[in-house]
Amino acid sequence: MISVFGSANMDLVAYVDQAPKLGETVTGRAFHTIPGGKGANQAIAAARAGAEVAFLGAVGDDGFGIALRAVLVEAGIEVSLLRQLPGASGIAHIVVDGGGANSIIVVPGANGEVKSLTPADEAMIAASQALLLQLELPMEAVTEAALAARAAGVPVILTPAPSQPLPDALLDAVTLLVPNEHEAADLTGSPDPAQALDLLLDRVPEAVVTLGSKGALYGSRTGDRLRVAAIPVQAVDTTAAGDTFVGALAVARAEGLVPAEALRFASVAAALSVQKAGASTSMPHRAEIDAAR
Ligand code: RIB
């Protein structure tokens, strides 16, 4: 089983030809309300890619919370430890332009109230094959989860998004760090992804720097270096492509695929996801991934 300790957001998505500049009003093409959140997205991606998944986090006691829980349950994800807290669920205000690129504002809501692990969370993490983390829950809780996993010998896969400085205690507990090229530059000060990868490997045993339509770079402290090409597709909406990549990558690693195969599996899943609109609406099922790899 793979555990995901992270955020669930209701995504409020406006599709436009061109994103508005500051002070500008533009007319959109469509608006959708779609379950998302980096944590929930990774959980759904991993479940659809074939893993048993537990999702740990929080939703509010509003209608969005009910819908977010329902989409996780529908994906077959274990949600017995998903808290329902008084107040609003997390939301993400997303603008997707005509080229499929997005900009996102997250308002944490219930996610921001998850400040520590419960004993049941800790037990679930300790019983997992891997723990997936992102940075849309409070940093102290993310760090506590990483330390609990490390204490139990469970590999920790961290997506350092939204970008922010990482405490040493968290980085020390990470097995595999998966930043995009901007996050890698923020973490290392190097705008060159290959150099950033080398610098990250001074801190963590393995890292993947994702490069969007340019693919991904993988490295490990044992000396492996790999570049995987992205699968060329026409992107409709890149929202949650990174989350899909990480969820699928975790499944491939849990199934014992070697890095080159695992990266290919994850790249195929991400390429399938960008061809559909939305977050939880875009992640492929295992049969689709297998047919395309
Ligand atoms: O990574 C994509 C996700 O970021 C969206 O689903 C949104 O909720 C934000 O968390």
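A.B. asks: Tell me about the sheet that holds strand β3 (residues 30-36), residues and numbers included.
C.D. replies: The strand order across the open sheet built from 4 strands is β3-β2-β6-β7, with neighbouring strands paired in mixed fashion. This sheet does not close on itself; its edge strands, each paired only once, are β3 and β7 (102-107). Strand-to-strand twist in this sheet, taken as the mean axis angle between neighbours without regard to direction, amounts to 20 degrees. Bridge count between strand β6 (residues 90-96) and β7: 6 bridges; the pairing is antiparallel. The residue bridging H93 from the neighbouring strand is I105, located in β7.

A.B. asks: Help me get a handle on the site of the ligand, residues and values and all.
C.D. replies: Taken together, the neighbourhood of the ligand is formed by 13 residues, with D11, G37, K38, E136 and D243 sitting nearest. With respect to the ligand, the side chain of D11 contributes an N or O atom lying 2.6 Å from an oxygen atom. A distance of 2.7 Å separates an oxygen atom of the ligand from a polar atom in the side chain of D243. In isolation the ligand has 280 Å² of accessible area, and contact with the protein removes 96% of it. Structurally, the ligand is housed in the largest pocket. Listing elements by their share of the shell around the ligand, those giving two or more residues are β2 (9-15), α1 (38-48) and β7.

A.B. asks: Explain the side chain of T239 residue by residue, including any values.
C.D. replies: By the secondary structure assignment, T239 is in the loop between β13 (225-228) and α8 (241-254). Residue T239 is classed as buried on the basis of its relative accessible area, which comes to 5%. Polar side-chain contacts of T239 include one of 2.6 Å to the side chain of D237. Beyond its immediate chain neighbours, meaning those up to four positions away, T239 contacts D11, I94, V96, N102, G278, A279 and S282.

A.B. asks: How would you sum up the pairing of strand β5 (residues 82-85)? Please name residues and give values.
C.D. replies: Pairing between strand β4 (residues 53-60) and β5: 4 bridges, direction parallel. Bridging from a neighbouring strand, A58 pairs with R83 of β5.

A.B. asks: Just give me the short version of the nonpolar core, but keep the residues and values in it.
C.D. replies: Nonpolar side chains in soluble globular proteins tend to end up buried together. Membership of the largest hydrophobic core comes to 47 residues, with the highest contact counts inside it found for F55, L72, I77, V178, V208, F245 and L249. Of all elements in the fold, only β1 (2-5), α1, β4, α2 (63-74), β12 (216-220), α8 and α9 (259-273) reach the threshold of two or more residues within this core. In this view, I77 contacts A43, I44, A47, V53, A54, F55 and L72; residues no more than four positions away in its chain are not counted. Within the second largest apolar cluster, 39 residues are counted, among which are V154, L158, L197 and L201.

A.B. asks: I'd love a proper account of the pairing of β6, names of residues and values included.
C.D. replies: Most of β6 sits out of view: 6 of its 7 residues are buried. Adjacent in sequence and paired antiparallel, β6 and β7 are bridged by 5 residues, among which G100 carries a positive phi angle near 90 degrees.

A.B. asks: Tell me what's going on with the layout of surface pockets, and back it up with residues and numbers.
C.D. replies: Of the pockets and cavities examined, the largest pocket occupies roughly 1,200 Å³. Taken together, 46 residues make up the lining of the largest pocket; nearest its centre are N180, G212, T238, A241 and G242. Of all the secondary-structure elements, those providing two or more residues to the lining of the largest pocket are β2, α1, β6, β7, α6 (181-188), α8 and α9. Looking at the lining of the largest pocket residue by residue, the classes come out as 23 nonpolar, 17 polar and 6 charged.

Cut-off values and rules
- Every chain begins its residue count from 1, and numbering advances along the sequence as written.
- Where local features are concerned, this predicted model is filtered to residues with pLDDT of at least 70; where side-chain atom pairs are given and counted, the filter is 80 or more; whole-chain, interface and lining totals use all residues.
- Where side-chain values are given, they derive from all heavy atoms of the structure, hydrogens and water being excluded.
- Strand pairing follows a simple DSSP-based rule, namely that at least 2 bridges must link the two strands.
- Helix and strand definitions here come from DSSP, where helices need a minimum of 4 consecutive H or I residues and strands a minimum of 2 consecutive E residues; each element is numbered from the N-terminal end.
- Angles shown run from 0 to 180 degrees and are taken between the N-to-C directions of axes, each axis being a line fitted to C-alpha atoms and, for helices, limited to the stretch in contact.
- Nearness of a residue to a molecule or strand requires only that one of the residue's heavy atoms be within 4 Å of it.
- Residues adjacent in sequence count toward polar contacts only when both atoms are side-chain atoms; beyond that, a polar contact is any pair of N or O atoms within 3.5 Å, and within protein one must be able to donate a hydrogen and the other to accept it.
- Using the Shrake-Rupley algorithm and a 1.4 Å probe, accessible areas are obtained, with residue cover drawn only from the displayed protein chains.
- Detection works on a 1 Å grid of protein atoms alone, calling trapped sets that fit a 1.4 Å probe cavities and calling open sets with protein on both sides within 12 Å along at least five of seven lines pockets, with lining residues defined by an atom within 4 Å of a point.
- Those molecules having more than half of their atoms within 2 Å of a cavity or pocket grid point set are described as sitting in that cavity or pocket.
- Exposure categories follow from relative accessible area, calculated using a 1.4 Å probe and restricted to protein chains: below 20% of the type maximum is buried, above 50% is exposed, and the middle band is partly exposed.
- Between two residues, a contact is recorded if the distance between any of their heavy atoms is within 4.5 Å.
- Buried Ala, Val, Leu, Ile, Met, Phe, Trp, Tyr and Cys residues form a nonpolar core when they are joined through side-chain atoms within 4.5 Å.
- Grid points are joined across faces, edges and corners, and a volume is the space filled by probe spheres set on the points.
- In this classification, Asp, Glu, Lys and Arg are treated as charged, Ala, Val, Leu, Ile, Met, Phe, Trp, Tyr, Cys and Pro as nonpolar, and every other residue, Gly included, as polar.

None of the figures reported here should be taken as evidence of function without further support.
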